[in-house]
Amino acid sequence: MATRIGRGWDRMLDRYYASPKIVRILVVTLLLVLVYALPLLRPPVLTTNSIDFAGVMFRVIAFALVALGLNIVIGYAGLLDLGYVGFYAVGAYTTAVLTTYHFAWPFFLALPVAIAVTMITGVLLGAPTLRVRGDYLAIVTLGFGEIIRITVTNVEWLGAAAGIKDIPHPNNLGPEPKPPFDPGGWFAIPRLEWDGFVPSVDHEHATHVLVFGALDAVPYYWLVLTVLVLVFIADKLMLSSRVGRAWEATREDEEAAELMGVPTFRYKLLAFAMGAAIGGLSGSFYASSQSGYINPLSFPLLLSMLFVAAVIVGGAGNRWGAILGGAIVAYLPERFRDFADYRLMFFGLALMLLAIWRPQGLLPPRRTRRALAAKAEIEELEGEPVDVL
């Protein structure tokens, strides 16, 4: 059953990639419009009743952004990073320090500084550690994540265990709110409410465009989704360039890449820095989100494991797969929050089944699917049983 589903999914992907470019652009555009409208449409099958659906969607997009950055490290360069939450925390704390704790910078001025600081942190970590490989690199990065958490727990300049609160929201775009009656913004968009499968328009809880506050997560969702689209385009351009080819050569066979003249250490360090920068970008948005509060408990080691799981579930090396994996890993535990005592158990069970029946991930790269198809064809010609999903 699972094998047939996997093959059907692969055939659908093959048809998509084989379709004309204009068709693929149209499909992606329609999908993007739907994703932007999702927190306002609130589909009854997807919406969460025990927690704000827009807040869940913000978390989903933030996870997808993190997974896209980690996919550069794991999927493109073949480096196992188990301490990625450390970069997430560096971006969040840099933003908090610059905007409220020691300085009073506006968010959009602090954001590029947070990205730069996180990128430098990635270089400082990668320069001495990327000369080791495999399990040793995983252990080193795991230690880095814990060092960051312990540091922010004990350093008073970073708020220590109490954390940092009152982190300002991103700057509003458009007319500012004028309490008590004017919510600000250029215009308001109503959302849908559902009585079963019968929709109705809810004007009372309308979203005021690009007005960031503690009551409505939809503007945050739109902002991070837009950043995700931009990062996605940059990711696509990088992978199509000489840098992307160097990453793939390093992942497949580092010794052979060195013999062919590829400076593998330099490109591994670049992958580490780029992945760290995207992690810090997502952490910065997390710090300035609705709650405006972070503390060391916001960045547990479990979060790193979930980030890695997102990339593996989606399909390491495929940017679409990383986004899908991040969305699934963030969404499923929130969707089944009513089963609070068992939701993580079911989530873990789903990961185990996926590892057994679909080890290459939900959306593996085309090279992986071509390799599996070629292997299956060879085994059929040789008369051996086909054991490829």
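Parameters at a glance
- Residues numbered from 1 in each chain as written.
- Predicted model: local features only at pLDDT ≥ 70, side-chain atom pairs only at ≥ 80, totals over all residues.
- Heavy atoms only, no water.
- 1 Å grid on protein atoms, 1.4 Å probe; cavity = no way out; pocket = protein on both sides within 12 Å on 5 of 7 lines; lining within 4 Å.
- Points joined across faces, edges and corners; volume = space filled by probe spheres on them.
- Helix = DSSP H or I, 4+ residues; strand = E, 2+ residues; numbered from the N terminus.
- Nonpolar A, V, L, I, M, F, W, Y, C, P; charged D, E, K, R; others polar.
- Salt bridge = Lys/Arg side-chain N within 4 Å of Asp/Glu carboxyl O.
- Buried < 20%, exposed > 50% of the residue type's maximum accessible area, 1.4 Å probe, protein only.

(A) Molecular detail of the layout of surface pockets. The volume enclosed by the largest pocket comes to roughly 1,900 Å³. If you go around the largest pocket, you meet 48 residues; those closest to its centre are Tyr16, Val28, Leu31, Phe232 and Trp320. For the lining of the largest pocket, the secondary structure elements donating two or more residues are helix H1 (2–18), helix H2 (21–41), helix H3 (53–76), helix H7 (218–239), helix H12 (319–335) and helix H14 (366–382). When residues in the lining of the largest pocket are grouped by element, the largest group, eleven residues, is from H2. Residue composition of the lining of the largest pocket, by class: 36 nonpolar, four polar and eight charged.

(B) A look at empty space enclosed by the protein. With the rule as written, the count across this model stands at one cavity of 30 Å³ or more. Estimated volume of the largest cavity: approximately 40 Å³. The wall of the largest cavity is formed by Val85, Ala89, Gly145, Ile148, Arg149, Val152, Pro296 and Phe299. Looking at the lining of the largest cavity, the elements with two or more residues in it are helix H4 (85–101) and helix H6 (134–154). Per-element tally for the lining of the largest cavity: the top contributor is H6, with four residues. Classifying every residue of the lining of the largest cavity by side-chain character gives six nonpolar, one polar and one charged.

(C) How the structure looks around the pattern of salt bridges. One pass over the structure, following the stated rule, counts eight salt bridges. Here aspartate 202 ties to arginine 191 by a salt bridge, and the two come within 3.7 Å at their closest N and O atoms. Here aspartate 202 is found in strand E2 (residues 198–208), whereas its partner arginine 191 is found in strand E1 (residues 188–195), with eleven residues between them in sequence. You'll find aspartate 202 and arginine 191 in the same group, each marked buried. One network of salt bridges, in which partners are shared, links Arg42, Arg191, Glu193 and Asp202.

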